[in-house]
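The chain contents come next:
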Amino acid sequence: MNKQQSSYRQIMKATSLFGGVQVFQIIISVIRSKFVAILLGPSGMGIVGLLTSTTGLVAGLTNFGLGTSAIKNISEANATGDENRISTVISVMRRLVWITGILGAVVTLVFSSWLSQFTFGNREYTLAFVWISITLLFNQLSAGELVLLQGLLKLQELAKANVYGSIAGLIVTVPLYYKFGVKGIVPVIVITALITLFFSWYFTKKIKINKTKLTKEITITEGKSMLVMGFMISLSGLISLAVAYILRIYINRTGNIADVGLYNAGFTIINTYVGMIFTAMATDYYPRLAAVAQSNDLCRQNINQQAEIAILILAPILMAFLIFINWAVILLYSSQFLAVTGMIYWAALGMFFKAASWAVGFVFLAKGASKIFFWSELVSNAYGLLFSILGYHWGNLSGLGLAFLISYFVALIQVFVIAKLKYQFSFTPSFVKIFIIQFSLALMSFAIVSLISKPYTYIFGIVLIGISCWYSYIELESRIGVKELVREFIQKARKR
């Protein structure tokens, strides 16, 4: 096996490993969304979206990115093997999540009336925000425990905590919504946060950590690096949260709350169910890219390899969504949500450009260029919001999908130009060929669903999906040796 094939295989293995947990959680999420859609309808989902996005914005302002930055500190301490060092870092992290969690809860509590007025245009939801304020503490404490598991490489326990929390949340959610309908929204949000905290604590309590006495000086010294690093990360994440929040407010004010629910449902399908590929890949991709960050040539090679695999995996999935989106919406939600299909058509095409820009964008973090990353995120979110507002104004929900496509097309040009100027980046002919072929097949699928009536849509669509799958298989076979991997898997299974 040559070095390049080994690199491609590493990408696929990591995607498969971390994708498995993602798939299971998404299955739970699909079931929960289906019940919520039936029991609450678009308006109820709109209320849920506005409440959670508002508290998410407050959390982004107050959590200082500890859910990401502290992983680095704990991992570095764990690598030393020094038990006292490990316990000190963990103790500082836990103290900081308590402080930031309480801060988030207090801010939400104090400004509950204002948040209700700004979000819903009235003060009817003030009490809802009062109750939900406690979830900012619960969620931050949960994040701290999950960071501990990830930093200490307790990945099985981390997966179990996430999966068990999702299952328990589903078991609680459905009966409460069935019994109380829209009035059950706040209790569900609070109880779900408490359940998540319980399971995160349950799986970390088994880890033996030496007791250590923390002084103010130690807390400041150890905590400073976590907070400084986390601040830049949370600031860029906060921009995305703010944009999503403002857009939901705009839709609610100029349209109606049902459109907010439809918007949430549509982009949940695109960003969660399809976007799980990005989540699975990022777990391995970022540290691998950071390891070769000093070499522009190796960065270019890794980015192109990652982008190729992303398109080869995503393309058949996106085309299946294009052809069978009506069935997918009914399965995931209900027939009440079919109005969102036009938005998903355009957004599915946009995902091709998102995959490419996503792969390139990681180079800024890998190179430690946090300022470039921040300004790039700020600019892309600014024109993304502008395109979305214009899209909804002129084309309602379908306009939002078109805005998604245009935003990521421009974003790809943006990150490509910056990476080329700063790091001599370029796409390889191999990636360009893969992108053009798969995107062309997707465009044909888009044309079919737009111009041809059923059942011919399905007949021609299945043929195009088959061609896409066949092409992806041929390209993956040449890179990772799919047949050989299957044989190795069967041999290992027989030995067991």
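The shown structure was predicted, so the numbers you read here are calculated from the model rather than taken from an experiment.

Taken together, W98, I102, V106, L109, V110, F111, W114, F118 and W201 make up a surface patch of nonpolar side chains, about 910 Å² in accessible area. Listing elements by their share of the nonpolar patch, those giving two or more residues are α3 (83-110) and α4 (112-120). Ranked by residues supplied to the nonpolar patch, first place goes to α3 with five residues. Among the secondary structure elements, F111 is positioned in the loop between α3 and α4. Residue classification places F111 among the partly exposed residues on the basis of a relative accessible area of 43%.

The subject of this paragraph is the side chain of N302. Tracing the chain through its elements places N302 in helix α11 (residues 296-332). Among the polar contacts listed, one links the side chain of N302 to the backbone oxygen of L298, at a separation of 2.8 Å.

Moving on: the pattern of salt bridges. For the coordinates displayed, the defined rule picks out three salt bridges. Of the charged contacts, one joins D297 and R300 as a salt bridge, the two residues approaching to 2.9 Å between their closest N and O atoms. With D297 and R300 both in helix α11 and three residues apart, this pair spans about one turn of that helix. Overall, D297 belongs to the exposed group, its relative accessible area being 51%.

For the rest of this paragraph, the subject is the nonpolar core. Counting 111 residues, the largest nonpolar core has L51, I185, Y333, F337, F352 and L400 as its most contacted members. The dominant element in this core, judged by the number of residues it contributes, is α11, at 19 residues. In terms of nonpolar packing, the next biggest core, distinct from the first, is built from 32 residues, V89, A105, L146 and L149 among them.

Running from N to C, helix α12 (residues 341-366) and helix α13 (residues 370-423) cross one another at 15°; their axes reach a closest spacing of 9 Å. As judged from the angle between their axes, α12 and α13 are roughly parallel. Handedness of the α12/α13 crossing: left-handed. Here the residues of the contact of α12 with α13 sort into 27 nonpolar, eight polar and one charged.

The first and last C-alpha atoms of helix α15 (residues 456-480) sit 36 Å apart over 25 residues, in line with the 36 Å expected at 1.5 Å per residue. Along α15, the residues that are buried comprise T457, Y458, G461, L464, I465, S468, Y471, S472, E475, L476, R479 and I480.

Looking now at unusual backbone geometry. With omega at 10°, the peptide bond leading from K454 into P455 counts as cis. Along the polypeptide, P455 turns up in the loop between α14 (429-451) and α15. In this structure, N396 takes a positive phi of about 55° despite not being glycine. Residue position: N396 is located in helix α13. Here N396 falls in the partly exposed class, since its relative accessible area comes to 48%. Even without being glycine, Q424 reaches a positive phi, approximately 55°.

Another point: the environment of F231. As for its position among the elements, F231 is in helix α8 (residues 216-254). Of the residues examined, F231 reaches a relative accessible area of 41% and is grouped as partly exposed. Residues F231 and G65, 166 residues apart in the sequence, show an inter-C-alpha distance of 5.9 Å.

Locating C299 in the fold gives a position in helix α11. Assessed through its relative accessible area of 2%, C299 is described here as buried. Not counting the four nearest positions on each side in its chain, C299 is found in contact with L289, V292, A293, V363 and K367.

With that out of the way, let us pick up the side chain of N252. Relative to the elements of secondary structure, N252 occurs in helix α8. You can call N252 buried: its relative accessible area is 14%. With residues up to four places along the chain from it excluded, the contact list for N252 reads L50, T119, F120, I257 and V260.

With that out of the way, let us pick up the environment of S116. Counting through the fold element by element, S116 comes out in helix α4. Looking at S116, the relative accessible area reads 0%, which means it is buried. Separated by 13 residues in the primary sequence, S116 and F129 have C-alpha atoms spaced 7.3 Å apart. Those residues in contact with S116, other than ones at most four positions away along the chain, are G121, N122, R123, E124, Y125, T126 and F129.

Parameters and conventions
- Residues numbered from 1 in each chain as written.
- Predicted model: local features only at pLDDT ≥ 70, side-chain atom pairs only at ≥ 80, totals over all residues.
- Heavy atoms only, no water.
- Patch = residues over 30% accessible without salt bridge, like charges linked within 9 Å, V, L, I, M, F, W, Y side chains within 5 Å.
- Areas by Shrake-Rupley, 256 points an atom, 1.4 Å probe, with all protein chains shown as cover.
- Salt bridge = Lys/Arg side-chain N within 4 Å of Asp/Glu carboxyl O.
- Helix = DSSP H or I, 4+ residues; strand = E, 2+ residues; numbered from the N terminus.
- Buried < 20%, exposed > 50% of the residue type's maximum accessible area, 1.4 Å probe, protein only.
- Polar contact = N/O pair within 3.5 Å; in protein donor to acceptor, adjacent residues only side chain to side chain.
- Core = buried A, V, L, I, M, F, W, Y, C linked by side-chain atoms within 4.5 Å.
- Axes fitted to C-alpha atoms, helices over the stretch in contact; angles between N-to-C directions.
- Parallel < 35°, antiparallel > 145°, perpendicular 65-115°, else oblique.
- Left-handed = near helix turned anticlockwise from the far one by under 90°.
- Nonpolar A, V, L, I, M, F, W, Y, C, P; charged D, E, K, R; others polar.
- Expected span 1.5 Å × (residues − 1).
- Contact = heavy atoms within 4.5 Å.

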